Amino acid sequence: MNDTILVINCGSSSLKIAVFDASFQRLGSALAERLGQSDAFARSDDNQHFHLKPGSAHREALGVLVSHFQSTGLLRGQPLAIGHRVVHGGEAFREAVVINPQVLDTIAACASLAPLHNPVNLLGIEATAELFPDVAQVAVFDTAFHQTLPEKAFLYALPTRFYRDWGIRRYGFHGTSHRYMLSETARLLDKPESEVSLVSAHLGNGCSITAIRDGASVDTSMGLTPLEGLVMGTRSGDVDPGLFDFLAGKGLDPAEAHRILNNESGLLGLSGQTNDMRTLSEMADHGHAPSALAIDVFCFRLARYIGAMMASLKTLDALVFTGGIGENSARVRATTLAQLELFGFRLDEELNRHHGAYTAGRIDASTSRHRIMVIPTNEELMIAREAVATTSG
Ligand code: AMP
């Protein structure tokens, strides 16, 4: 037994591993991509590349990367705990749990709600159990943090049998990141988490926003699936539900419409160029009108949602930006908040340009009614903490 913690995040064709020590310092991480394809590859954060046989899947990649950490001495003997990111826990899991056969069955039962993710999360758990049969494994769910949503926020205005018989409701995602925003804001404000209220905007390739009241998620923009809500890299976010019928009339079957809304929409669809915000910003600066328009649509939707999240709060300790865009795009933050002056949000331009780097994340002007912050997310650290807390609890 040693004192490392392993965090494993299996995506549909990728696998990320991070190793932490017992004081939650990250010792190393590695990534395998294009799994199942002829050009599968893996590399570590110190830029070492590993040979993967063409078509290698998650199990092979896991073996290669764990051997790498063992050979470099970062991973000695058995880890203290292993945490897995699991996308969908349905209504069964309000918090992280130690994995047992019943938990595995429940994760499998939630697969219809996350068909691209839960089956591959299960694969990762199985493969890890084979490597470390005596170590407790913990499932940390993207949905768990949002299980505190009140009915008025999680119910769609549909016949209630849809919820009762099929579990159709809003679940919310990115829970681990929003949960980490809560923990970081509480630390920075030196307040107990249970007294902190914030609006947390996770803006990466996937985007979601959450209202957290007195330490609990009370509203969030993603719903039954991670397609609802904000404009994202390739996902449309909210559209009129009548669109599907309209598209069917144009000859598009539901699977094709689903693919387009998930993979060809959002910033990519609007700009016709890329889903990458940094590139879009550069193109907009060079006069590319569709890129500028894509950013405008993105920021307007975000501004609307920040306003919507305020409906669930009585007080606001901070509006927090995170994720690749939230942490790095001064332009997105400025364009968005310029539309929210009615709420009293005012940025300090200089602090915003530096992403709050010299002010413990703060980017609000002295005239702002609310604190505005940039906080780098760290989902892996959150999973490592939950893995230890759950196994030692
Ligand atoms: P994530 O999914 O959290 O890795 O975020 C990816 C998104 O963050 C992409 O749209 C990137 O273009 C965007 N991003 C990363 N760095 C910057 C930057 N310096 N300026 C604007 N967008 C950025």
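Each value, and the rule that gives it
- Residues numbered from 1 in each chain as written.
- Predicted model: local features only at pLDDT ≥ 70, side-chain atom pairs only at ≥ 80, totals over all residues.
- Heavy atoms only, no water.
- Helix = DSSP H or I, 4+ residues; strand = E, 2+ residues; numbered from the N terminus.
- Contact = heavy atoms within 4.5 Å.
- Areas by Shrake-Rupley, 256 points an atom, 1.4 Å probe, with all protein chains shown as cover.
- Lys, Arg positive; Asp, Glu negative; His and termini not counted.
- Charge placed at Lys NZ, Arg CZ, Asp CG, Glu CD.
- Near = heavy atom within 4 Å.
- Polar contact = N/O pair within 3.5 Å; in protein donor to acceptor, adjacent residues only side chain to side chain.
- Buried < 20%, exposed > 50% of the residue type's maximum accessible area, 1.4 Å probe, protein only.
- UniProt positions renumbered as here; feature names shortened; annotations may be inferred.
- Axes fitted to C-alpha atoms, helices over the stretch in contact; angles between N-to-C directions.
- Parallel < 35°, antiparallel > 145°, perpendicular 65-115°, else oblique.
- Nonpolar A, V, L, I, M, F, W, Y, C, P; charged D, E, K, R; others polar.
- Pairing = 2+ DSSP bridges.
- Arc of directions from axis to C-beta.

Asks: What exactly am I supposed to notice about the overall build of the protein chain here?
Replies: A tally of regular secondary structure across the protein chain gives 15 helices and 13 strands. Of the contacts made within the protein chain by residues no fewer than 6 positions apart, 63% connect residues no fewer than 24 positions apart. Counting every atom, the protein chain has about 17,800 Å² of accessible surface; 52% of that belongs to carbon and sulfur. Distance from the positive charge centre (33 side chains) to the negative charge centre (43 side chains) of the protein chain: 4 Å.

Asks: Where do I start with the site of the ligand in this structure?
Replies: The ligand sits among Gly-204, Asn-205, Asn-275, Asp-276, Met-277, Arg-278, Gly-323, Gly-324, Ile-325, Asn-328 and Ser-329. The separation between an oxygen atom of the ligand and a polar main-chain atom of Met-277 is 3.0 Å. Only helix H10 (277–285) and helix H12 (323–328) provide two or more residues apiece to the shell around the ligand. Of the residues forming the shell around the ligand, the biggest block, four residues, is contributed by H12.

Asks: Teacher, can you tell me more about the environment of Ala-387 here?
Replies: Looking at the element boundaries, Ala-387 is found in helix H15 (residues 379–392). The class for Ala-387 is buried, based on a relative accessible area of 0%. In the structure, Ala-387 is positioned 85 residues away from Leu-302 in sequence and 32 Å away in space, judged by C-alpha atoms.

Asks: Even after reading the chapter, I still don't get the UniProt feature "binding site: substrate" (unreviewed entry) in the protein chain, so can you show me in this structure?
Replies: Under the feature "binding site: substrate" (unreviewed entry), the UniProt entry names Arg-85. Topologically, Arg-85 is positioned in strand S6 (residues 81–86). Contact partners of Arg-85, with chain neighbours within four places excluded, come to Ile-8, Asn-9, Asn-121, Val-140, Asp-142 and Ile-383.

Asks: Looking at this structure, I do not really get the UniProt feature "active site" (unreviewed entry) in the protein chain. What am I missing?
Replies: The residues that UniProt annotates with the feature "active site" (unreviewed entry) are Asp-142. Tracing the chain through its elements places Asp-142 in the loop between strand S8 (137–141) and helix H4 (151–154). Looking at Asp-142, the relative accessible area reads 3%, which means it is buried.

Asks: Before we go on, may I ask you to explain the packing of helix H6 (residues 175–189) against H15 in this structure?
Replies: Packed helices, taken two at a time, are described by the angle their axes make and the gap between the axes. Two elements in contact, H6 and H15, have axes separated by 9 Å at closest approach and are oriented at 85 degrees. For the element pair H6 / H15, the angle class is roughly perpendicular. Every residue of H15 that contacts H6 at Thr-176, Ser-177, Arg-179, Tyr-180, Ser-183 and Glu-184 is listed here: Glu-379, Leu-381, Met-382, Ile-383, Arg-385 and Glu-386. Of the residues contributing to the contact of H6 with H15, the split by class is four nonpolar, three polar and five charged.

Asks: Would you mind going over the sheet that holds S6 with me for this structure?
Replies: Adjacent strands of a sheet pair through backbone hydrogen bonds, lying either parallel or antiparallel. Judged by pairing direction, the sheet is mixed, and its eight strands sit side by side in the order S5-S4-S3-S2-S1-S6-S8-S7 without closing on themselves. The open sheet has two free edges, formed respectively by strand S5 (49–50) and strand S7 (97–98), since each of these has just one partner strand. For strand S4 (residues 41–44) and S5, the ladder comprises two bridges, and the chain directions are antiparallel. Note on S5: the bridge partner recorded for Arg-43 is His-49. Of the strands in this sheet, strand S1 (4–10), strand S2 (15–21), strand S3 (26–33), S6, S7 and S8 touch H15, which is tilted by about 125 degrees from S6.

Asks: Hey, could you run me through helix H8 (residues 254–263) in this one?
Replies: For H8, the complete set of buried residues consists of Ala-257, Leu-261 and Asn-262. Buried residues of H8, seen end-on, are gathered within an arc of 125 degrees and therefore sit on one face of the element. Each element contacted by the buried residues of H8 is listed here: helix H7 (242–249). N-capping of H8 is provided by Asp-253, with a side-chain oxygen placed 3.1 Å from the backbone N of Ala-255.

Asks: Help me understand the environment of Glu-380, please; the structure alone is not making it clear to me.
Replies: As for its position among the elements, Glu-380 is in helix H15. Look at Glu-380 and you get buried, because its relative accessible area is 19%. Between the C-alpha atoms of Glu-380 and Val-87, which are 293 residues apart in sequence, the distance is 14 Å. Not counting residues up to four positions away in its chain, the partners in contact with Glu-380 are Val-7, Lys-16, Ala-18, Phe-20 and Arg-26.

Asks: Honestly, the sheet that holds strand S9 (residues 198–203) in this entry has me stumped. Any pointers?
Replies: The five strands are arranged S11-S10-S9-S12-S13 in an open sheet whose pairing can be described as mixed. This sheet does not close on itself; its edge strands, each paired only once, are strand S11 (216–220) and strand S13 (372–374). Within the sheet, the average angular offset between the axes of one strand and its neighbour, ignoring direction, is 25 degrees. Here S9 pairs with strand S10 (residues 207–213) via six bridges, running antiparallel.

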